[in-house]
Amino acid sequence: MGVTKEDVEAAITSALSPSHLVVTDTSGGCGASYEIEVVSEKFEGKRLLERHRMVNTALAPHMAEIHAVSIKKALTPAQAQPQPEPAADKPQA
């Protein structure tokens, strides 16, 4: 049996204490391929490559059984907040 979605979630939760985590099994259920979105305070001050390494390190015990991991988002809580849209320049009436 391959790695389950719950295994991936548990490994990332243990290492990164995320405030938001979405793990999607993209392998059709066999546990060989995952997409990950994670928001963690532990990413503060880290570059994107460092963040990806942190996720990969968290998954290291399972990587022998996982074929592919796609980290779609690795954000700090501040980066995950919706950004206000700039107000369009409107002429005053």
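The text that follows walks through the structure, step by step, so that each part is easy to find. Bear in mind that the values here come from a model prediction, so they are computed numbers and not experimental data. All chains use their own residue numbering, which begins from 1 and follows the written sequence. The predicted origin of the model limits local features to residues at a pLDDT of at least 70 and limits the giving and counting of side-chain atom pairs to 80 or more, whereas totals for whole chains, interfaces and linings rest on all residues. By convention in this description, side-chain values take in all heavy atoms of the structure and omit both hydrogens and water.

## Digging into the pairing of strand β3 (residues 68–75)
We treat two strands as partners when DSSP finds at least two bridges between them. Strands are runs of DSSP state E lasting at least two residues, helices are runs of H or I lasting at least four, and both sets are numbered from the N terminus onward. Taken together, the seven bridges between strand β2 (residues 33–39) and β3 define a ladder with parallel strand orientation. Bridge pairing links Y34 to V69 in β3. One crossover worth recording links β2 to the parallel β3 by way of helix α2 (residues 48–59), and it is right-handed. We call a crossover right-handed when, viewed with both strands directed away from the observer, the connection leading from the first strand over the helix to the second proceeds clockwise.

## Here's the deal with the sheet that holds β2
Taking strand neighbours across the sheet as the criterion, the three strands line up as β1-β2-β3 in an open arrangement whose pairing is mixed. On the outer flanks of this sheet lie β1 (20–25) and β3, each paired with one strand and no other. Between one strand and the next, the sheet's axes are offset by a mean angle of 10°, whatever the strand orientation. Of the pairings in the sheet, the one linking β1 to β2 comprises six bridges and is antiparallel in character. Paired with L21 across the bridge in β2 is V38. Angles shown run from 0 to 180 degrees and are taken between the N-to-C directions of axes, each axis being a line fitted to C-alpha atoms and, for helices, limited to the stretch in contact.

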